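Secondary and tertiary structure notes
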Amino acid sequence: MIERILTFLVCSLGCVASQSNDGAAVGAGRRDPVKAFCIDFNWGPGGPNAFAAPGLWAEADPAPHVAWYAALGADVLQTFCVSCNGYAWYRGDVVPEQPGLQHDFLREVVRLGHLRGMRVMGYFCAGANTRWGQAHPELSYGVPAKTHIPYTDEYLQYLDAAVRDAVANTGIDGFMVDWLWQPDRAATGGRWLACETELYEQLMGHPFPGEDSLTEEQDREYGRRALDRCWATIHDAARQTRPDCIIWLSSHSPMHPHIVDSRMFREVDWLMNEGGDLERLAAIRPMIGEHTRLLTCLANWNRQDPTMVVPAALRDGIGLYGFTKPRADSLLPPVDDYLERPVVSLTGDERNIAALARAYRGLSLDAVKNRDGEFFTPAFRPMFDGQDLSGWSTAGNWVVGGDGTIALEPRPGESGWQRYDAYLTTGRTYGDFVLDLEFRFEAKGNSGVFLRVGDPASQVDTGIEVQILDTYGKTQVGHHDCGGVIRTVGPTKNMVRPAGEWNRYTITMLGSRLTVVLNGEQIVDIDLSETPMADRPARGHISFQDEAKRVWYRNVRIMELDHDRGPLAPSAAPPVTRPRR
């Protein structure tokens, strides 16, 4: 009973704050920047397309999901009314629930999210719905993981009923409308269904001219009218059911001629550029309603740099949103996993999540969390002064060029593919760190970056080697190929460039966890305690290997993560899975 009362009070206060802060009964929300995220159930194996099979993720437990969003610092949790496979995430009367749904997921997420002061947003995909396409083959261009549904009267009646049911019966604060686009003509092969030619005549007032005779102007005008009608259906269904329902439009191309300067721009509460760049948001700002709020998106597919986008968005009062698909257990790694590793050491969605977790806490993107739960701000420092090899030791044959490049020059009589004693080794030892450097090699080049070397006289047996080798173009790669960790694991992808070109390594040692990024792609993420390297010391020297093949290093720098605070705790979490679109 007490919990019900608390839920009612939180929901009531949230509604009051939403209206009073915006001065609009439509509930466009608080004026502080939105801090949103989505663990995206749209994607996963098993469906007839790239969409998740019906029932995939159906075991998801609302409590740990809401706890994860809260740990991230999000104030908006975006989950699903109906996902792209066409099944609902709550037990309703219009759309069948996900097969095997173990919880009344959406309703329970709303209840728990409201208790934590978060708004909970649902989701509808306007242009793609696998179940609809399978049930109505005459009203859909098949079921590809692309927009495939014409906005016929029959489909809009279904969409209207689905929106009204979710808004009336789940407690959501609003919902995202995604993929509000015309059918993908490339996916349809340019053909038009009979139902869509009839819709064309209905909207345009003249006969369909034929697939080969349709002009660009006609297609554009028909597209605008079809999308405008779909938008009106969604808008009216939400507003008539609950006037303060927030409608959130996601568009990867907000300047597309079908939607630019449209009615939906003026009426929508939240408008997001899923492409992530802020330039297009600036361009459409004059086209939006007075109450409309702008958001931008961080996701691996749009390739935006969060270290650039996040500060700029916060400065301009633009909301932030990120998403990625779940791990096998329907969740993501603990948020501390992203906070304990520097943003600069991560790639893809891990990098985005790490940046958002800091921004949502009001922290610098450079902040790192130590094992005591304290944040500090480490920084990179150069490991060479560009003049000489001070701080390093070697038996010879390493030279510093005039441009600060360090090069291996084999001594007389030495030939490649044989280990020599002239490793270039730091005098200091290091525990947890991010090592960032560039390297290149001659044809058939061979070297290696050694980490935590316990005994410089026995580099191979007391250190951990990340391989440098001329394996450009090799399709099957293992632990001895470039990017591999010798005697441990090969790279997930061959990212090395041809001989003579510069490559970049970003190598992170954090407790027993080792991650390797080569040329912008994370190719290794392992727990060394589960490998033949488990006996290597937790602290040691850093070295570059001498194999008597010419190799060059430059811009070598290190960020120490332990300092006087002790090493950060290793993470037991597996790596994050990859993105949706």
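No experiment lies behind these values; they were computed from the predicted model shown.

Turning our eyes to something else, we now look at the sheet that holds strand β18 (residues 464-469). Two modes of strand pairing occur in sheets, parallel and antiparallel, and in both the strands are linked by backbone hydrogen bonds. Overall, antiparallel pairing links the 5 strands, which are arranged β12-β15-β22-β17-β18 in an open sheet. Strand pairing shows two members of the sheet lacking a second neighbour, β12 (392-393) and β18, which therefore form its edges. Inspection of the sheet shows strand β17 (residues 446-453) paired to strand β22 (residues 541-544) by 3 bridges, in the antiparallel sense. From the neighbouring strand, Phe-450 faces β22, where its bridge partner is Ser-543.

Spatially, β1-β2-β3-β4-β5-β6-β7-β8 is the arrangement adopted by the 8 strands of the closed barrel, whose pairing is parallel. Averaged over neighbouring strand pairs, the angle between their axes works out to 25° when direction is ignored. Direction of pairing for strand β6 (residues 270-273) relative to strand β7 (residues 293-298): parallel, over a ladder of 4 bridges. Bridge pairing in β7 places Leu-271 opposite Leu-294. Against the sheet, helix α2 (residues 62-72) engages β1 (35-39) and β2 (76-78), with an angle of about 145° to β1.

The next thing to look at is the confidence of the model for the protein. Confidence along the protein averages 90 in pLDDT terms, with 90% of residues attaining 70 or more. Low pLDDT (under 50) marks residues 1-30, which in the prediction has 42 contacts with non-local residues, meaning those over four places away or in another chain. Of the regions scoring below 50 in pLDDT, residues 563-581 engages in 73 contacts with residues more than four places distant in sequence or in other chains.

Further remarks concern the state of the cysteines. Applying the stated criterion to the full structure yields 0 disulfides. The thiol sulfur of Cys-195 is not disulfide-bonded, and the nearest other cysteine sulfur, from Cys-230, lies at 14 Å. Among the cysteines around Cys-297, which has no disulfide bond, Cys-38 carries the closest sulfur, lying 9.8 Å off. Taking relative accessible area as the criterion, Cys-297 reaches 0% and is therefore assigned buried.

Attention now goes to the packing of aromatic side chains. For any pair of aromatic rings, the description rests on two quantities: the centre-to-centre distance and the angle between the ring planes. With the rule as written, the count across this model stands at 32 aromatic pairs. Taking NZ or CZ as reference, Arg-440 lies 4.2 Å from the ring centre of Trp-552, over its face.

Rules used throughout
Residues numbered from 1 in each chain as written. Predicted model: local features only at pLDDT ≥ 70, side-chain atom pairs only at ≥ 80, totals over all residues. Heavy atoms only, no water. Pairing = 2+ DSSP bridges. Helix = DSSP H or I, 4+ residues; strand = E, 2+ residues; numbered from the N terminus. Axes fitted to C-alpha atoms, helices over the stretch in contact; angles between N-to-C directions. Contact = heavy atoms within 4.5 Å. pLDDT = per-residue confidence, 0-100. Disulfide = S-S within 2.5 Å. Buried < 20%, exposed > 50% of the residue type's maximum accessible area, 1.4 Å probe, protein only. Phe/Tyr/Trp six-rings, centres within 6.5 Å; stacked < 30°, edge-to-face > 60°. Lys NZ or Arg CZ within 6 Å of the ring centre and 35° of its normal.

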